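Tertiary structure, described
Next come the chains, spelled out residue by residue.
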Amino acid sequence: TAALLLLSTHVGVIVGQETILNVVGSRPEFSTLAAAAAASPEVAAYLGDSATSATLFAPVDDAFAALGNDTIVKFTTNPSFAGHLACILTAHVIDGEQVMTETYV
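In this report, we go over the structure that sits alongside the text. (Residues numbered from 1 in each chain as written. Predicted model: local features only at pLDDT ≥ 70, side-chain atom pairs only at ≥ 80, totals over all residues. Heavy atoms only, no water.)

1. Re the environment of Asp62
- Inspection of the secondary structure puts Asp62 in helix α5 (residues 61–65).
- Measuring from C-alpha to C-alpha, the distance between Asp62 and Glu29 comes to 8.1 Å, with 33 residues separating the pair along the chain. (Helix = DSSP H or I, 4+ residues; strand = E, 2+ residues; numbered from the N terminus.)

Below is the structure:
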């Protein structure tokens, strides 16, 4: 089952002022997302900025697996897809900190 985890800059309060990108990079269920963000410099810069107030609807590795490995490799290694990758990743980001009060499965 594909899933998303809500990561907001309020996470920084819990984990010592970490950026969203640092949290993603430190959690094994986000390894594909971390690689995708690293392949998109503008996304990495935004999510790695401690001044960013944003919420990331973070797809876990199982969600990326549904795309297939060939698609993931194409988007993360082929520079001609860089703009598309940035667009896809930023579609999962909203400005400001959001807090979920309910869980939906």
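Let us keep going from here.
2. Observations regarding the environment of Phe30
- Position of Phe30 relative to the elements: it lies in the loop between α2 (20–26) and α3 (31–38).
- Each C-alpha atom of the pair Phe30 and Asp61 lies 5.7 Å from the other, and the pair is 31 residues apart in sequence.

3. Focus on the nonpolar core
- Formed by 19 residues in total, the largest nonpolar core has its most connected members in Val24, Phe30, Leu33, Val43, Leu47, Leu56 and Leu89.
- At the level of elements, α2, α3, α4 (41–47), β2 (54–59), α6 (69–77) and α7 (82–90) are the ones that each hand at least two residues to this core.
- In this structure, Leu33 is in contact with Val24, Leu56, Ala58, Pro59, Asp61, Phe64 and Leu89, ignoring residues within four places of it in sequence. (Core = buried A, V, L, I, M, F, W, Y, C linked by side-chain atoms within 4.5 Å. Buried < 20%, exposed > 50% of the residue type's maximum accessible area, 1.4 Å probe, protein only. Contact = heavy atoms within 4.5 Å.)

4. A closer look at the packing of aromatic side chains
- Taken as a whole and assessed by the stated rule, the structure comprises one aromatic pair.
- Arranged with centres 5.0 Å apart and planes meeting at 50°, the rings of Phe75 and Phe81 form a pair that is tilted.
- When its relative accessible area of 21% is taken as the criterion, Phe81 is described as partly exposed. (Phe/Tyr/Trp six-rings, centres within 6.5 Å; stacked < 30°, edge-to-face > 60°.)

None of the figures reported here should be taken as evidence of function without further support.
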